[in-house]
Amino acid sequence: FLDFPQMSSDEELYDYQKNAVARIMFSANTLLAHDVGAGKTFEMIAAGMEMRRIGISKKNLYVVPNTLTGQWKEMFERLYPSSNVLCIEPNSFTREKRQDILKNIRDNDYDAIIIAYSSFELIPVSKSYYSTQLQAKISEITDKATETNKVTAAQSKKREALQNALKEL
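Only a predicted model underlies this, so the values are computations on that prediction, with no experimental measurement involved. (Residues numbered from 1 in each chain as written. Predicted model: local features only at pLDDT ≥ 70, side-chain atom pairs only at ≥ 80, totals over all residues. Heavy atoms only, no water.)

### A few points about the overall build of the protein chain
Okay, so step 1: Helix and strand counts for the protein chain stand at 7 helices and 3 strands.
Okay, so step 2: Start at the N end of the protein chain and walk to the C end: the helices and strands fall as α-α-β-α-β-α-β-α-α-α.
Okay, so step 3: Relative to the 2.2 N^0.38 estimate, which gives 15 Å for 169 residues, the radius of gyration of the protein chain is 20 Å and therefore markedly larger than a compact globule would have.
Okay, so step 4: Projecting the C-alpha coordinates of the protein chain onto the three principal axes gives extents of approximately 60 × 40 × 30 Å.
Okay, so step 5: Counting across all 169 residues of the protein chain, residues that qualify as buried make up 36%.
Okay, so step 6: Within the protein chain, residue pairs in contact and separated by at least 24 positions form 62% of the contacts whose partners lie at least 6 positions apart.
Okay, so step 7: For the protein chain, the accessible surface area stands at approximately 11,100 Å², while carbon and sulfur atoms represent 50% of it.
Okay, so step 8: For the protein chain, the separation between the mean place of its 22 positive charges and that of its 22 negative charges on side chains is 9 Å. (Helix = DSSP H or I, 4+ residues; strand = E, 2+ residues; numbered from the N terminus. Rg over C-alpha atoms; globule rule 2.2 N^0.38 Å. Buried < 20%, exposed > 50% of the residue type's maximum accessible area, 1.4 Å probe, protein only. Contact = heavy atoms within 4.5 Å. Areas by Shrake-Rupley, 256 points an atom, 1.4 Å probe, with all protein chains shown as cover. Lys, Arg positive; Asp, Glu negative; His and termini not counted. Charge placed at Lys NZ, Arg CZ, Asp CG, Glu CD.)

Here it is in structure tokens:
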């Protein structure tokens, strides 16, 4: 039932790729376990563009291996030639340029942002978000220990480590 109106007429997805796109669009998470060369990149690109087109997402960020950022951009432009794609190479995400790039992402209407793993890891997470995540993990461990009515040594160590990280934060 997917027709991909914005996709290049030069490209055609196989039925299994269309099924994967639908799965991505309608599921909370999806594992694409096809063999190398089976078209997973096209599936992810098509799913992102369709989710954007129908309003499920506004900006799609693709975090890819450092060596594949340029290839991803080429494939994106091949599948969706009129798309507005920002590709962030590791060598362009320097300390001096980082804030400007993040503001550019925030302020502009990109169909996709492609960023290398190593660059993505350099984007800071707010203290409040990190604190909330740590507290949720501590609660999860505490709840599991309460359910089973016993606390394992591993659970105690994990909870203590999380509490120490929360104090440091």
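### Quick word on unusual backbone geometry
Okay, so step 1: With phi around 50 degrees, Phe-4 is a residue other than glycine that occupies positive phi space.
Okay, so step 2: Among the structural elements, Phe-4 can be located in the segment before α1 (15-26).

### What to know about a nonpolar patch on the surface
Okay, so step 1: Taken together, Val-125, Tyr-129, Tyr-130 and Leu-169 make up a surface patch of nonpolar side chains, about 390 Å² in accessible area.
Okay, so step 2: On the secondary structure map, Leu-169 appears in the segment after α7 (153-168).
Okay, so step 3: Relative accessible area serves as the criterion here: at 33%, Leu-169 is assigned to the partly exposed category. (Patch = residues over 30% accessible without salt bridge, like charges linked within 9 Å, V, L, I, M, F, W, Y side chains within 5 Å. Salt bridge = Lys/Arg side-chain N within 4 Å of Asp/Glu carboxyl O.)

### Considerations on the pairing of strand β3 (residues 112-116)
Okay, so step 1: With 5 of 5 residues buried, β3 is to be regarded as a mostly interior element.
Okay, so step 2: What you see with β3 is no split at all: Ala-112, Ile-114 and Ala-116 on one side and Ile-113 and Ile-115 on the other are buried throughout.
Okay, so step 3: Note: strand β1 (residues 60-64) against β3, 5 bridges, orientation parallel. Within β3, the position partnered with Asn-60 by the bridge is Ala-112.
Okay, so step 4: Here strand β2 (residues 85-88) runs beside β3; their pairing, made up of 4 bridges, is parallel. From the neighbouring strand, Ile-88 faces β3, where its bridge partner is Ile-115.
Okay, so step 5: Viewed along the sheet, the connection from β2 through helix α4 (residues 95-107) into β3 turns out right-handed. (Pairing = 2+ DSSP bridges. Right-handed = clockwise from strand over helix to strand, strands pointing away.)

### A few points about the sheet that holds β3
Okay, so step 1: Within the open sheet, the 3 strands sit side by side as β1-β3-β2. Their pairing is parallel. The two strands at the open ends of the sheet, each matched to only one other strand, are β1 and β2. Direction aside, the axes of adjacent strands within the sheet are offset by 15 degrees on average. (Axes fitted to C-alpha atoms, helices over the stretch in contact; angles between N-to-C directions.)

### A few points about the side chain of Ser-83
Okay, so step 1: Along the chain, Ser-83 falls in the loop between α3 (69-79) and β2.
Okay, so step 2: Its relative accessible area of 13% is what places Ser-83 among the buried residues.
Okay, so step 3: Separated by 2.7 Å, the side chain of Ser-83 and the backbone oxygen of Tyr-80 make a polar contact. (Polar contact = N/O pair within 3.5 Å; in protein donor to acceptor, adjacent residues only side chain to side chain.)

### Things to note about the packing of aromatic side chains
Okay, so step 1: Under the definition given, this model contains 4 aromatic pairs.
Okay, so step 2: Residues Tyr-62 and Phe-76 carry aromatic rings whose centres are separated by 5.8 Å and whose planes lie at 70 degrees to one another, so their mutual orientation is edge-to-face. Taken together, the residues Tyr-62 in strand β1 and Phe-76 in helix α3 connect sequence positions 14 residues apart.
Okay, so step 3: You can call Tyr-62 buried: its relative accessible area is 9%.
Okay, so step 4: Judged by relative accessible area, Phe-76 falls into the buried class, the value being 0%.
Okay, so step 5: By the ring-pair criterion, three or more aromatic residues cluster together here, those being Tyr-62, Trp-72, Phe-76 and Tyr-80. (Phe/Tyr/Trp six-rings, centres within 6.5 Å; stacked < 30°, edge-to-face > 60°.)

### Re α4
Okay, so step 1: Taking 1.5 Å per residue as the helical rise, α4 with its 13 residues ought to reach 18 Å, and the 19 Å between its terminal C-alpha atoms agrees with that figure.
Okay, so step 2: Within α4 the residues assigned to the buried category are Arg-98, Ile-101 and Ile-105. All buried residues of α4 lie within an arc of 75 degrees about the axis, which places them on one face of the element. Turned more than 90 degrees away from the buried face of α4, the exposed residues are Glu-96, Asp-100, Arg-106 and Asp-107.
Okay, so step 3: Contacts made by the buried residues of α4 are with β2 and β3. (Expected span 1.5 Å × (residues − 1). Arc of directions from axis to C-beta.)

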